[in-house]
Amino acid sequence: MLGGEVLPLASDSPARRFPWRRSYLLSRLVLVVLSVVVPLTALQVVGLLRDKQAAEAEVHRNLEARVAIVAGRLEVVLGRAEQLLTFLASREELKAMSASRCVELLRGGADIGQPFNNVLLVDAEGQLVCAAAGAAVPVSFADREWFKQGMATDGFNLGRPVIGRLTGKQAAVLTLPVQSRLGTKVGMLTASIDLRQLAELLPRGDLPAQGTIAIVQSRAVFLARSPDPDLWIGRTVSQDVQDKRRKSPTGIIVATGADGIERTYATANLAKYDLSVWAGTPASLLYASSNHEIFWRAATVGLVTLLGLLAAFIGAHRLALPLHSMAATTRELAAGGLGMRADETLPGEFGEVAVEFNRLMNRQEDSAAQLRVSERRALRVSKLYEALSSMNQAIARGPEPQALFEEVCGICVRTRLAEVAWIGEVRGTTQGWVVAPVAWVGRGEGGTEGLLITLDADSQAQEGPISTALRLGRPTIANDLAGAEGGAGWHEFRRRHALSTLIVVPFMCDGAVVGVLGLGVGGGDIFDEPLVALLENMMHDITLALDSHKRKAARVALMDAEAANQAKTAFLSRMSHELRTPLNAILGFTQLLQLHSREALDETARQRLDNVFLAGTQLRALIDDVLDVSRIEAGQLSLQMMETGLQPLLDGVLRMSEPLAEKTGIALQAAYAHTPVLCVNTDPTRLRQVLLNLVSNGIKYSRPGGRVMLEVDQLDTQLQIRVIDHGIGMSQDQMAGLFQAFNRLGRENTPIEGTGIGLNLSRQLVELLGGTLTVASQENAGTQVTLRLPHGEGASGAVRIADLDPMRASGGLAPGSGPKGRVLYIEDNPVNAMLVEQLLGHWPEVQVVIASTGAQGLALAECLRPDLILLDMQLPDMTGLELLARLRARDSTGHLRVIALSASAMAADIEAARRAGAEAYWAKPMDFGEVLQGVAARLNG
């Protein structure tokens, strides 16, 4: 055939001279037709069978859907009854079996609608107490099966169908036991289900003739059936249906019902109520349409097959291809018409030659196409390797993630791996993923404008290349973007940049997908699966780069945190030193006045002097609060637990709180005055610190003219201390943030002073002391803080000021037999030096030598060889640690006893001094008792 024209055969053509060849070609053509038709017919048969199975599956799904709807309605109806019965069972009036109150409750709120016709309350003996409908005539249900089953269970129970004694109707009873407060069953609430009304609720709309809907109990008894409910309620499901349902794994069965009609049944269980819902359709009607369709389709396939064979037979006789048709085809091919093909309808061997010839040409064309594809693939792989190499070089430079993203996109476009390259940041949400572009390189206008994509991880409708890549965690290829799923913004982006193919490469950080690299090309260029392995290398390279950057950032953050912690420690140490130094002089000289001038003062002056001392002690405790917070956070707070008399400690707390109370017009009440002498095992300093904070809060937040009361109660194994005020109190919202550090609960703008740290620190200290601290408060009514601590073993009084006498501190030695020796005090502050000199000067045989610098102290130590060295740790020319190292390095001073006496009270400073050789570390402000006892012990030793 040339130009669509078939040339006629010549009179002396081979077909006329050799007719047997024509028959030969006809038989072969028929065989060819049959070889094509028979498989097609087989495929059609397989397809028909599958269509039949699909039709049956659709029918089954419809039945199951109908059953599910009925089951849902039934569950709602029964659930409504459950809610009512549960509510009624919780009422105390019903638990008391009060008939009058029962009638009011049931008739006032027990209407739950169809199919329920009555709600009853029955006592434990089965006697009717009251009913929502009808008169409460004496009726006993003790003999009823539903009553026995209901009383035997703790929850809901649905009985078998019965004739109601009050209503006279067929009913099933839903029961719930009523329990007293002690858990004893005192009666039962029942909801009577009118089975006739229940049957009327069953939908009949789309059921075919002789179709059924039924509700069946597990014992195969009908509760309701539509149609003809009256005939079926209480009857048993046929044995054939029961047997087949037990054996069916899907719940779909074909069986003969009790009425003799074969139906297809679908069932759904309501296990909670021991029920199942059945929907049945006559099998003859159910599959009639599908069988009819299959029959006609099979007939059509057979007819088409016969017509095809007939056409082949007639065509084989009438068609005759001339020999020059093959020659013409060959000439066209030689002239460059590569698309030319021989006419395969030629008869006999010529047709076979044409077929083989065309196959040859097709294979040649396929080979040429595969060669072109291979060349394109090789070029793509080359570009990919080039991109990987450039990317590794970029990663080696360690850029920030944003710079890396932009460089990766640029590399992919520069190496012509893609025409458009972009990177999107992936953020997980409750709805799925959000992909927000952060870098873009490529042709076109607008960049990634409109490319913000929200993907629902569970939605099949959005299963595009991006969603697939995120779900699988590996590169995904889409060679047909026009048909890919996605939103309007995505398709606008595709059209704007003329993209036909896209590959999405996800990358991770810390094991989670954090972004995707999109590579797009147009013009029909495609990616294929062999490239995925290479693209996974790209994915791993980006992942490694991000992980490396994150580890580097974490190291920098850790270093910054350590530096900040060191700076905080240095600041706290410096602050502590600067505040403790003047406070040491205040407390020290106050104690000297208390020790040696006490008798010369009247009672008022002595009390004022004591208040100065106690106030200075509290100021020292407040300074320690700041350090305590840091120590508690670091787990370094140490406690000095001892047996402590509680009453003297509380007296001191109230005495120290009196100035603030007098200033604000608040009365302080010691409600423990007549309490027996109590002892508590605690750290007295920390306990005093907590109580001062609690009393101070009570004073500050009380109204003028109010009072703050301290109460003490002795429990079995604990002592209970309560601080009570009748002030402004706190709301529930304020109580929720009560123990948050630095949270003043909205009172930071009021005239009341505070930092918001006291109560938080107090609770932590109490817990460290082995106790508990709780707060109860009511707005505008006041606050009560309760502190509980373990008992001590015996009574103990507080340390008195008079106990600080130097003679008593030295072990009770008489003046003539006091400690002897030379003490070298290395201190640059003259006030502190004078304080120690006057304190130890009451021992006549103790010589105190003062050195104001480290160099002077080192020289005096080597010259005098003192019995004891008191060393300040902050000297003008060197630190105390440096001086200790020099003393220990010399043979002449290496054995000398050294005690650090410094305003630096950080735990690290104390530990450093001990490691350097100090026997002890006394923090300023000095505790005279500790100093005098320590000096005496070492000089006498």
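Residues numbered from 1 in each chain as written. Predicted model: local features only at pLDDT ≥ 70, side-chain atom pairs only at ≥ 80, totals over all residues. Heavy atoms only, no water.

Honestly, the UniProt feature "modified residue: 4-aspartylphosphate" (unreviewed entry) in the chain in this entry has me stumped. Any pointers?
Under the present numbering, the feature "modified residue: 4-aspartylphosphate" (unreviewed entry) in UniProt falls on Asp872. Within the element layout of this structure, Asp872 appears in the loop between β27 (868-871) and α25 (880-889). With a relative accessible area of 2%, Asp872 lands in the buried category. (UniProt positions renumbered as here; feature names shortened; annotations may be inferred. Helix = DSSP H or I, 4+ residues; strand = E, 2+ residues; numbered from the N terminus. Buried < 20%, exposed > 50% of the residue type's maximum accessible area, 1.4 Å probe, protein only.)

What am I meant to see in the packing of helix α23 (residues 830-840) against helix α27 (residues 928-940) here?
When two helices pack together, you describe them by how their axes are tilted relative to each other and by the distance separating the axes. Contact geometry of α23 with α27 gives a least axis separation of 11 Å together with a crossing angle of 60°. Between α23 and α27, the angle is such that the two are oblique. Here α23 and α27 pass one another in a crossing that is right-handed. Of α27, the residues touching α23 (which contributes Leu835, Leu839 and Leu840) are Phe928, Val931, Leu932 and Val935. Tallied by class, residues from the contact of α23 with α27 come to seven nonpolar, no polar and no charged. (Axes fitted to C-alpha atoms, helices over the stretch in contact; angles between N-to-C directions. Parallel < 35°, antiparallel > 145°, perpendicular 65-115°, else oblique. Left-handed = near helix turned anticlockwise from the far one by under 90°. Contact = heavy atoms within 4.5 Å. Nonpolar A, V, L, I, M, F, W, Y, C, P; charged D, E, K, R; others polar.)

It is not clear to me how the packing of aromatic side chains should be interpreted in this structure. Could you clarify?
The description of two aromatic rings rests on the distance between their centres and on the angle between their planes. With the rule as written, the count across this model stands at three aromatic pairs. Residues Phe405 and Phe507 carry aromatic rings whose centres are separated by 5.6 Å and whose planes lie at 40° to one another, so their mutual orientation is tilted. Note that Phe405 is positioned in helix α13 (residues 401-414) and Phe507 in strand β16 (residues 501-509), a separation of 102 residues in sequence. Phe507 matches Phe405 in its accessibility class, with the two residues each being buried. An aromatic cluster is defined as three or more aromatic residues linked by ring pairs; in this entry it consists of Phe141, Trp146 and Phe147. (Phe/Tyr/Trp six-rings, centres within 6.5 Å; stacked < 30°, edge-to-face > 60°.)

Explanation requested: the pairing of strand β26 (residues 846-851) in the structure shown.
In summary, the side chains of a regular strand alternate between the two faces of the sheet. By the bridge criterion, six bridges tie strand β25 (residues 821-826) to β26 in an arrangement that is parallel. Opposite Tyr825, over in β26, you have Ile850 as the bridge partner. Running through α23, the crossover from β25 to the neighbouring parallel element β26 is right-handed. (Pairing = 2+ DSSP bridges. Right-handed = clockwise from strand over helix to strand, strands pointing away.)

Whenever I open this one, α25 confuses me. Can you help?
What sets the pattern is the α-helix's 3.6 residues per turn: residues three or four places apart point alike. Those residues of α25 that fall on the buried side of the exposure criterion are Gly880, Leu883, Leu884 and Leu887. What you see down the axis of α25 is that its buried residues fit within an arc of 100°, all on one side. Tucked into the core, α25 has its buried residues touching β25, α24 (854-864), β27, β28 (898-902) and α26 (907-916). (Arc of directions from axis to C-beta.)

Help me out: how do you make sense of the sheet that holds β26 in this one?
The strands making up a sheet are joined through hydrogen bonds of the backbone, oriented either antiparallel or parallel. Sheet architecture is open: five strands sit in the order β26-β25-β27-β28-β29, paired in parallel fashion. Of all strands in the sheet, those bounded by a partner on one side alone are β26 and β29 (920-923). Between one strand axis and the next, the sheet turns by 20° as a mean value, whatever way the strands run. Relative to β29, β28 runs parallel, the two sharing four bridges. Among the inter-strand pairings, Ser902 is bridged to a residue of β29, identified as Ala923. Relative to the sheet, α24 contacts β25, β26 and β27, its axis offset from that of β26 by approximately 145°. Most of the contacts of α25 go to β27, to which it runs at about 155°, and overall it touches β25, β27 and β28.

When you look at the packing of α25 against α26 in this model, what are you seeing that I'm missing?
As a packed pair, α25 and α26 sit with axes 9 Å apart at the nearest point and diverge in direction by 10°. By the angle class used here, α25 and α26 are roughly parallel. Of the residues in α26, those in contact with Leu881, Leu884 and Arg888 of α25 are Ala912, Ala913 and Ala916. Of the residues belonging to the contact of α25 with α26, the class tally is five nonpolar, no polar and one charged.

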